[in-house]
Amino acid sequence: MRRWIPVMLLVGALAPATLVRGDEAQCRTEVPRLSPEEYLRAVSLDVRGVVPTVEEYESIAGLPDVPEALIDEWLRSEEFAQRVVRRHRALLWPNVENVRFVDFRRRLGSTGTGAAQRWYRSSQTTTTAIRGANVPCDDVPATFDAAGNVEYRIDAETGARIEGWVEVSPYYAPTTTIHVCGFDAQTTERSPSGRECRTRDASSDPGCGCGPSLSWCDTNDVQLAIVASFNEELERRIAAHAEADEPYTSIFTSRRAFVNGPIAFYYRNLSRVYNDVPLEPASLDVEHMPALDYTDRDVWTEVELPETHAGVLTSPLYLLRFQTNRSRANRFFDAFLCQPFLPPAGGLPFADEVEAREPDLQRRAGCRYCHAILEPAAAHWGRWMMQGGGYLPEDSYPVFRPECAECARGEETCSSVCTLNYETRALAPEQEPYLGMLRAYEFLRPEHEINVAEGPTALVRDGLADGRFTECTVRRTAEWLLARDLGESETQWASELAGTFVGSDLRYRDVVRSIVTSDTYRRVR
């Protein structure tokens, strides 16, 4: 948080320049400490995100300094927890507004206005599949035959099957009724072709509809509500950590999560109708999820996740924001270990024609400098679906799946289980031995296979063991509060802060307190 001081005040406050004799003359300016009023404002903005009240200014009138008890009170406030949340938004980049959670073929649109408005799955792919043309239904009540099937007429011009509408109370507005085209209002669990209607594979099946109360379809507003709910869920995790003053590592190891109405509804009804970003197999116990309705958007319930979870590092938002295991590892290394993957000094070496075709990035010239570290690190997310957020348990997703190897060699069509989670294409001869293997195992060294089983929490443990995690946390936090990079002359101070951080059992509140009460912070302008 930058703190702007009037130019004339700042210039007048500077001490005279001092000439220091040595090999070369240097001009050194001593920056004075902030006045109590300036300091009060600075700490309040950084710790609470607001300026002090008039009463708070009056409370320090005549005092030589801001009482540390007041700073401690602010650090225990809900406002500080929200500042921690905001800080971690900047570290985690949790923006998934471009992610579609539900198959576009299940998106409901409407035609007509007022009493003539009818809702239907408006994707051209779906309407053509169920009616034979890209058209909606008629504005008349639907009729049914003796078996309960929707009756229709054949349009003379297009040859399309045109039905009437059914009155439905949708899950997203249960106190209202809307007119839904008959084919889209079907509630059958399984179509005549044998497909399970609540799954993605049945999205364009004429024998399937949107289910009871339209529970297997969505609207644009539903999509926005689901995105907003997963975003708030991540923030609630971080805020809960800050409010409870837990060890900082709990953000990355805790099994705490939160569920509201849209999230619970999504897992129960829509997660199997995903649009290329599946959260299936679900990474939490859907069967025992809190009994919340979709409309319970402001009702949040805390749940405990299985042992396989690693805090925010396996949260739906993190997994969908970084959809490859490499990108997941890369963000963690950069944000929390201060170890960005950068090319060597002088740039990447030239790769000859043979080296440039090497598919193993741990061996390819130029790439191996980073990927020798990045590939083993990425394997820690090996049991989490890429281009999605589902968890792949070993009992149902073994390291090698024979049918995926067979389909990869053209013996049959690959299932979505194979194409999403297993190696089914070999673009180079070196990849052929990995066909049918879980994607995380391609080119993975035997000594690194343990990383898949250990999960992302092992990266936090390793970072703690060698000091990278604590040192990076202190540096990132200090640079946030000082609004500048740390200089070489502040290395010792940062080391002392890291010691304080470790000594406090990794309490984030304590490291923030150490920084804002330091002489370095008191001289920030």
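Note that the structure is a prediction, hence the values are computed from the model and not measured.

Caption draft 1: Structural detail: the environment of Ala264. Mapped onto the secondary structure, Ala264 falls in helix H9 (residues 261-270). The buried category is assigned to Ala264, whose relative accessible area is 0%. Each C-alpha atom, one on Ala264 and one on Ile226, is 9.9 Å from the other, the two residues being 38 residues apart in sequence.

Caption draft 2: View of helix H7 (residues 220-244). Over its 25 residues, H7 runs 36 Å from end to end, which matches the ideal 36 Å to within 8%, given 1.5 Å per residue. Immediately downstream of H7, the backbone of Asp245 shows phi near 55 degrees, a positive value.

Caption draft 3: Representation of the packing of helix H17 (residues 457-465) against helix H18 (residues 468-482) within the structure. Two numbers describe how H17 lies on H18: the axes approach to 5 Å, and their chain directions differ by 85 degrees. If you check the angle between H17 and H18, you find them roughly perpendicular. Each of Val460, Asp462, Gly463 and Leu464 in H17 lies in contact with H18, whose residues at this interface are Arg468, Phe469 and Thr470. Considered class by class, the residues forming the contact of H17 with H18 number three nonpolar, two polar and two charged.

Caption draft 4: Structural detail: the pairing of strand E4 (residues 118-121). Side chains of E4 alternate between two faces, with Arg118 and Tyr120 and Trp119 and Arg121 buried alike. Pairing analysis gives four bridges linking strand E3 (residues 108-111) to E4, with the strands arranged antiparallel. Pairing of Thr111 across the sheet is with Arg118, part of E4. Counted between consecutive antiparallel strands, the loop separating E3 from E4 contains six residues, among which Gly112 sits at a positive phi close to 80 degrees.

Caption draft 5: How the structure looks around the pattern of salt bridges. As enumerated under the stated definition, the model contains 35 salt bridges in all. A salt bridge links Arg153 to Asp138; the nearest nitrogen and oxygen atoms lie 2.7 Å apart. With Arg153 in strand E5 (residues 153-154) and Asp138 in the loop between helix H6 (124-131) and E5, this pair connects stretches of sequence that are 15 residues apart. Take Asp138: its relative accessible area is 22%, and that puts it in the partly exposed class. The salt bridge partner of Glu304 is Arg255, with a shortest N-O separation of 3.9 Å. In this pair, Glu304 is assigned in strand E10 (residues 301-304) and Arg255 in the loop between helix H8 (250-253) and strand E9 (256-259), connecting sequence segments 49 residues apart. Looking at Arg255, the relative accessible area reads 28%, which means it is partly exposed. Put simply, Arg33, Asp65, Asp519, Arg522 and Arg523 are held in one network by salt bridges that share partners.

Caption draft 6: Up close: the packing of helix H5 (residues 78-92) against H7. Put simply, H5 and H7 touch, their axes get as near as 8 Å, and they point 130 degrees apart. By the angle between their directions, the pair H5 and H7 is classed as oblique. H7 is crossed by H5, and the crossing has right-handed handedness. Residues Glu78, Ala81, Gln82, Val84, Val85, His88, Arg89 and Leu92 of H5 pack against Leu234, Glu235, Ile238, Ala239, Ala242 and Glu243 of H7. Each residue belonging to the contact of H5 with H7 can be placed in one class, and the counts come to eight nonpolar, two polar and four charged.

Caption draft 7: Spotlight on the state of the cysteines. Applying the stated criterion across every chain, the model contains six disulfides. Cys137 shares a disulfide with Cys181; S-S distance 2.1 Å. Since a negative S-S torsion denotes a left-handed disulfide, the Cys137-Cys181 link at about -70 degrees is left-handed. Of this pair, Cys137 sits in the loop between H6 and E5 while Cys181 sits in strand E8 (residues 178-181), placing them 44 residues apart in sequence. In this structure, Cys137 and Cys181 share a single accessibility class: buried.

Caption draft 8: Spotlight on the nonpolar core. If you look at the biggest cluster of nonpolar residues, it comprises 108 residues, and the most contacted ones within it are Phe101 and Phe332. The leading source of residues in this core is H7, at ten residues. When near neighbours in sequence (up to four residues on either side) are disregarded, Phe332 contacts Leu313, Tyr318, Leu337, Trp381, Leu459, Val460 and Phe469. Membership of the second largest hydrophobic core comes to 16 residues, among which are Met385, Cys407, Tyr441 and Leu444.

Caption draft 9: Fine view of the packing of aromatic side chains. Inspection of the entire model under this criterion finds 26 aromatic pairs. Aromatic pair Phe252 and Phe336: ring centres 4.7 Å apart, planes at 65 degrees, arrangement edge-to-face. Here Phe252, found in helix H8, pairs with Phe336, found in helix H11 (residues 325-337); they are 84 residues apart in sequence, far enough to count as distant. Phe336 shares its class with Phe252; the two are buried.

Caption draft 10: Representation of unusual backbone geometry within the structure. For the peptide bond that leads from Glu280 to Pro281, omega is 0 degrees, which places it in the cis range. Residue Ala483 is not a glycine yet carries a positive backbone phi of 60 degrees. In this fold, Ala483 is placed in the loop between H18 and helix H19 (491-503). Its relative accessible area of 34% is what places Ala483 among the partly exposed residues.

Caption draft 11: Region of the structure containing the environment of Val150. Mapped onto the elements, Val150 comes out in the loop between H6 and E5. For Val150, a relative accessible area of 12% translates into the label buried. Taking the C-alpha atoms as reference points, Val150 and Val166, separated by 16 residues in sequence, lie 9.9 Å from one another. In contact with Val150, not counting residues within four places along its chain, are Thr143, Phe144, Glu163, Gly182, Phe183 and Gln186.

What counts, and at which threshold
- Residues numbered from 1 in each chain as written.
- Predicted model: local features only at pLDDT ≥ 70, side-chain atom pairs only at ≥ 80, totals over all residues.
- Heavy atoms only, no water.
- Helix = DSSP H or I, 4+ residues; strand = E, 2+ residues; numbered from the N terminus.
- Buried < 20%, exposed > 50% of the residue type's maximum accessible area, 1.4 Å probe, protein only.
- Expected span 1.5 Å × (residues − 1).
- Axes fitted to C-alpha atoms, helices over the stretch in contact; angles between N-to-C directions.
- Parallel < 35°, antiparallel > 145°, perpendicular 65-115°, else oblique.
- Contact = heavy atoms within 4.5 Å.
- Nonpolar A, V, L, I, M, F, W, Y, C, P; charged D, E, K, R; others polar.
- Pairing = 2+ DSSP bridges.
- Salt bridge = Lys/Arg side-chain N within 4 Å of Asp/Glu carboxyl O.
- Left-handed = near helix turned anticlockwise from the far one by under 90°.
- Disulfide = S-S within 2.5 Å.
- Core = buried A, V, L, I, M, F, W, Y, C linked by side-chain atoms within 4.5 Å.
- Phe/Tyr/Trp six-rings, centres within 6.5 Å; stacked < 30°, edge-to-face > 60°.

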